[in-house]
Number of protein chains: 2
Amino acid sequence: MSILVLGTVALDTVKTPFGARKHMLGGSAVHFSMSARLFTEVNLVAIIGADFPQKHIDFLHKKGIILTSLIKDKGATFKWVGEYKGDLNTALTLNTELGVLSVFKPYVSTEQKDIKFIFLANVDPDIQMQMLKSMNQPHFVGLDSMNFWINNKRKSLLKLLKEVDIYVANDQEARALSGESNLIKAAKKLHSFGPEMVLIKKGEHGVLFYSDKFIFSLPAYPTDKVIDPTGAGDTFAGGFMGYLASRKKINGETIKKGLAFGTVAASFNVEDFGVEKTSRLKINDLDKRLKEFKKYTFF
Amino acid sequence: MSILVLGTVALDTVKTPFGARKHMLGGSAVHFSMSARLFTEVNLVAIIGADFPQKHIDFLHKKGIILTSLIKDKGATFKWVGEYKGDLNTALTLNTELGVLSVFKPYVSTEQKDIKFIFLANVDPDIQMQMLKSMNQPHFVGLDSMNFWINNKRKSLLKLLKEVDIYVANDQEARALSGESNLIKAAKKLHSFGPEMVLIKKGEHGVLFYSDKFIFSLPAYPTDKVIDPTGAGDTFAGGFMGYLASRKKINGETIKKGLAFGTVAASFNVEDFGVEKTSRLKINDLDKRLKEFKKYTFF
């Protein structure tokens with residue numbers, strides 16, 4: 001089944017100990033798409049500004065991403081400037097230029113409204129809700145957010161949590177929103193806010209999945225070639241949701257395998273800047289690394 | 001095969017958000033013994049002071065620990081006072097009273113010198129080396145240390161690393177000794193210092209194992225009942241080394257299974273104060289939790 005992702009399309013300027021890039025293609029919806037496209041058709045809902053290079057649009061098109069609902073507005077494309085130091089676990093935001101994002105009203109074409117798999121990547125929770133409400137009977141909805149919304153739009157976020165099937169958060173966000181420091185307690189608390197499933201991303205330490213039916217955890221895929229972790233979480237979500245959308249059923253088995261696919265997809269993302277590695281991936285690359293991953297964690 | 005552990009026998013005073021204990025039985029060698037005893041005969045090499053309660057000696061004896069080389073000296077038993085706050089991931093040391101530990105010269109009885117499996121739990125690296133040198137041809141030697149020795153006896157520690165088969169460190173120690181922030185790079189660097197195998201303990205995030213032959217990782221066993229994590233690392237090492245000592249071969253398969261046993265042993269340790277839970281364990285409890293653990297991380 002097709003998947004629809006609402007999120008950002010951005011121009012990222014990133015500096016890490018291994019190099020730097022200026023105004024490269026980035027954003028949550030883009031990173032999500034790069035892994036999800038390996039499993040299913042991806043429909044991108046986002047906004048760009050007048051300054052957005054045509055080559056990036058051509059690139060996304062060539063990667064098979066459906067751009068019907070990528071709207072262009074006057075003004076500047078959303079820009080993020082960040083730096084990573086040391087172990088590259090934490091991004092230091094140097095500058096954020098919202099540009100057209102500040103006037104973003106998501107557009108979804110009529111036929112896209114029937115898409116059953118939805119991922120609400122990180123944007124304002126009011127925008128996420130607005131788009132979700134415009135959809136016809138979605139079947140499975142994933143939600144990502146960030147600390148800024150947890151602190152500044154908590155009410156909107158809590159309302160939205162009642163409408164989604166899975167909430168995806170990093171460990172810091174999970175602790176902040178739940179008020180619990182133990183991650184399993186945090187997951188239980190977030191689950192009590194509404195979503196049937198909670199997925200906590202722990203960066204280099206892997207992921208923790210929680211639902212009423214089971215708890216599951218995976219370490220990260222081992223790589224010592226961490227060049228740029230920007231977008232790893234969205235790449236993870238894209239692999240996970242993309243795989244689920246490609247299956248007939250969502251059950252324990254497909255969720256676990258989806259988490260494993262998300263993990264290996266994210267491991268490719270960190271190995272180069274932006275989407276430089278993930279945009280070149282074929283499904284075979286994921287399959288191959290999934291096999292390696294089993295050796296790495298099955299006892 | 002029997003195992004010999006050099007380490008501390010301590011009286012721990014611990015406060016956590018869930019309660020407090022005064023002068024309870026603790027120390028690296030004790031925590032190690034509680035899990036290793038489930039797999040093999042454990043010989044404890046340590047020192048206690050004149051104030052050490054007889055009931056603790058009786059208790060260790062009842063648990064089957066061989067106390068031939070537990071020496072008693074004038075002076076006070078090693079005492080540690082610590083507190084855990086928040087997510088209980090970091091111990092705050094409020095006080096350390098070395099007592100007899102400051103004059104410790106390990107004694108190993110003649111027949112114990114033939115023991116092939118050795119674990120050098122955290123004490124002064126010079127004392128660890130001295131005892132190791134007194135052994136007749138050990139077959140497999142594990143080493144633990146701590147930040148204090150990394151900072152203050154780095155040379156002794158580096159010398160010792162050339163003599164052991166596996167170095168066990170937590171993530172902070174691994175980073176400090178290697179100078180690398182990425183944990184896989186840190187493991188590689190530590191491996192280059194001598195030991196064939198490196199094991200990095202990441203607390204609630206599980207473990208990372210590194211050798212020339214393979215890399216392996218496991219998440220922690222999921223528990224939201226973290227009461228007192230003191231000794232979790234030594235309990236892990238005891239489960240791991242104890243299992244290996246009980247096998248005929250040390251190979252990829254037994255190492256992976258040993259790491260899984262160490263993980264579940266450590267998960268029991270954190271669920272109550274000191275050795276209150278681990279001292280009551282039977283091997284069946286570990287087997288049962290190992291099965292649960294598979295469900296929790298196999299995809």
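One structure accompanies this document, and this report is about it.

What counts and what doesn't
Residues numbered from 1 in each chain as written. Chains lettered and ligands numbered in written order. Predicted model: local features only at pLDDT ≥ 70, side-chain atom pairs only at ≥ 80, totals over all residues. Heavy atoms only, no water. Helix = DSSP H or I, 4+ residues; strand = E, 2+ residues; numbered from the N terminus. Rg over C-alpha atoms; globule rule 2.2 N^0.38 Å. Buried < 20%, exposed > 50% of the residue type's maximum accessible area, 1.4 Å probe, protein only. Contact = heavy atoms within 4.5 Å. Areas by Shrake-Rupley, 256 points an atom, 1.4 Å probe, with all protein chains shown as cover. Lys, Arg positive; Asp, Glu negative; His and termini not counted. Charge placed at Lys NZ, Arg CZ, Asp CG, Glu CD. Buried area = accessible area lost by both parts, 1.4 Å probe. Salt bridge = Lys/Arg side-chain N within 4 Å of Asp/Glu carboxyl O. Polar contact = N/O pair within 3.5 Å; in protein donor to acceptor, adjacent residues only side chain to side chain. Least-squares fit on C-alpha atoms with pLDDT ≥ 70 in both. Pairing = 2+ DSSP bridges. Axes fitted to C-alpha atoms, helices over the stretch in contact; angles between N-to-C directions. Phe/Tyr/Trp six-rings, centres within 6.5 Å; stacked < 30°, edge-to-face > 60°. Lys NZ or Arg CZ within 6 Å of the ring centre and 35° of its normal. Patch = residues over 30% accessible without salt bridge, like charges linked within 9 Å, V, L, I, M, F, W, Y side chains within 5 Å.

### Some points on the overall build of chain A
On a plain count of helices and strands, chain A comes out with ten helices and 13 strands. Expected size for 299 residues packed as a compact globule is a radius of gyration near 19 Å; at 18 Å, chain A falls within 12% of this value. In chain A, which comprises 299 residues, the proportion classed as buried is 60%. Of all intrachain contacts in chain A linking residues separated by at least 6 positions in sequence, the fraction that spans at least 24 positions is 65%. Of the roughly 12100 Å² of accessible surface on chain A, a fraction of 51% belongs to carbon and sulfur atoms. The averaged location of the 31 negative side-chain charges in chain A is 2 Å from the averaged location of its 41 positive side-chain charges.

### Re the interface of chain B and chain A
Taken together, the contact pairs 35 residues of chain B with 35 residues of chain A. Summing both sides of the interface, chain B and chain A together bury roughly 3000 Å²; the carbon and sulfur share of this comes to 58%. The interface formed by chain B and chain A includes four salt bridges. We note a salt bridge from Glu204(B) to Arg175(A), for which the minimum N-O separation is 2.9 Å. Viewed at the interface, chain A and chain B are joined by 13 residue pairs in polar contact (both at pLDDT 80 or more). If one sorts the elements of the side of chain B that touches chain A by residue count, helix 10 (residues 283–297) of chain B sits on top with six residues.

### A word on the relation of the copies chain B and chain A
With an axial shift of 0.0 Å and an RMSD of 0.0 Å, the rotation relating chain B to chain A amounts to 180°. Interpreted geometrically, this transformation is the action of a two-fold axis. Comparing interface residues between copies, 100% of those in chain B also sit at the interface in chain A, which points to an isologous, same-surface contact.

### Some remarks on the pattern of salt bridges
Residue and element names in this part refer to chain A. In this structure the tally under the stated criterion is 24 salt bridges over all chains. Linking lysine 133 and glutamate 163 is a salt bridge whose minimum nitrogen-to-oxygen distance equals 3.7 Å. With lysine 133 in helix 3 (residues 125–134) and glutamate 163 in the loop between helix 5 (154–161) and strand 10 (166–170), this pair connects stretches of sequence that are 30 residues apart. Classification of lysine 133 by relative accessible area gives exposed; the value is 55%.

### A look at the sheet that holds strand 6 (residues 79–84) of chain A
Residue and element names in this part refer to chain A. Within the open sheet, the four strands sit side by side as 3-2-6-7. Their pairing is mixed. Two strands bound the open sheet, and with one partner strand each, they are strand 3 (19–26) and strand 7 (91–97). The average angle at which neighbouring strand axes cross in this sheet is 15°, direction not considered. Two strands pair when backbone bridges link them, and strand 2 (residues 10–16) and strand 6 are joined in this way by five bridges, in the parallel orientation. Opposite leucine 11, over in strand 6, you have lysine 79 as the bridge partner.

### Quick word on unusual backbone geometry
Positive phi outside glycine occurs at Gln137(A), with the angle close to 40°. With respect to the helices and strands, Gln137(A) occurs in the loop between helix 3 and strand 9 (140–144).

### Some points on the pairing of strand 2 (residues 10–16) of chain B
Residues and elements named next belong to chain B. In terms of burial, strand 2 is largely enclosed, as six of its seven residues are buried. By the bridge criterion, six bridges tie strand 2 to strand 3 (residues 19–26) in an arrangement that is antiparallel. Following the sheet pairing, aspartate 12 is matched in strand 3 by methionine 24.

### A short note on the side chain of Asn122(B)
All names here are of chain B. With respect to the secondary-structure elements, asparagine 122 resides in the loop between strand 8 (117–120) and helix 3 (125–133). Of the polar contacts made by the side chain of asparagine 122, one reaches the side chain of tryptophan 149; its length is 2.9 Å. Excluding anything up to four places from it in sequence, asparagine 122 contacts Thr8, Ser28, Gln128, Asp144, Ser145, Met146 and Trp149.

### As for the packing of aromatic side chains
Under the definition given, this model contains 25 aromatic pairs over all chains. Note on Phe117(A) and Phe140(A): the rings are 5.8 Å apart at their centroids and 45° apart in plane angle, and the pair reads as tilted. Here Phe117(A) is found in strand 8 (residues 117–120), whereas its partner Phe140(A) is found in strand 9, with 23 residues between them in sequence. The two residues Phe117(A) and Phe140(A) agree in class, both being buried. Centroid distance Tyr221(B) to Tyr296(B): 6.4 Å. Interplanar angle 50°. Geometry classified as tilted. Of this pair, Tyr221(B) sits in the loop between strand 13 (215–218) and helix 8 (232–246) while Tyr296(B) sits in helix 10, and the two are 75 residues apart along the sequence. Residue Tyr221(B) shares its accessibility class with Tyr296(B), and that shared class is buried. Geometry around Phe214(A) places Lys256(A) over its ring, the cationic atom sitting 5.3 Å from the centre.

### As for helix 1 (residues 28–36) of chain A
Where burial is concerned, most of helix 1 of chain A is hidden: nine out of the nine residues are buried. Of the residues making up helix 1 of chain A, those classed as buried are Ser28(A), Ala29(A), Val30(A), His31(A), Phe32(A), Ser33(A), Met34(A), Ser35(A) and Ala36(A).

### Quick word on a positive patch on the surface
Taken together, Arg247(A), Lys248(A), Lys257(A), Lys291(A) and Lys294(A) make up a surface patch of like positive charges. Here Lys248(A) lies in the loop between helix 8 (232–246) and helix 9 (252–269).

### A few points about the pairing of strand 1 (residues 3–6) of chain A
Residues and elements named next belong to chain A. Alternating residues of strand 1 divide into Ile3 and Val5 and Leu4 and Leu6, and every residue in both groups is buried. One ladder, built from four bridges, connects strand 1 with strand 8; its direction is parallel. Bridge pairing links valine 5 to phenylalanine 119 in strand 8. Two strands pair when backbone bridges link them, and strand 1 and strand 4 (residues 42–48) are joined in this way by four bridges, in the parallel orientation. Residue pairing in the sheet places leucine 6 in a bridge with valine 45 of strand 4.

### Remarks on the side chain of Thr230(B)
Residues and elements named next belong to chain B. With respect to the helices and strands, the residue threonine 230 is situated in the loop between strand 13 and helix 8. Exposure remark for threonine 230: the relative accessible area of 9% places this residue in the buried category. Here the side chain of threonine 230 touches tyrosine 84 through a polar contact of 2.8 Å, side chain to side chain. A distance of 2.6 Å separates the side chain of threonine 230 from the side chain of aspartate 228, its partner in a polar contact. Ignoring sequence-local partners within four residues, the contact set of threonine 230 consists of Asp12, Val14, His31, Trp80, Tyr84 and Asn269.

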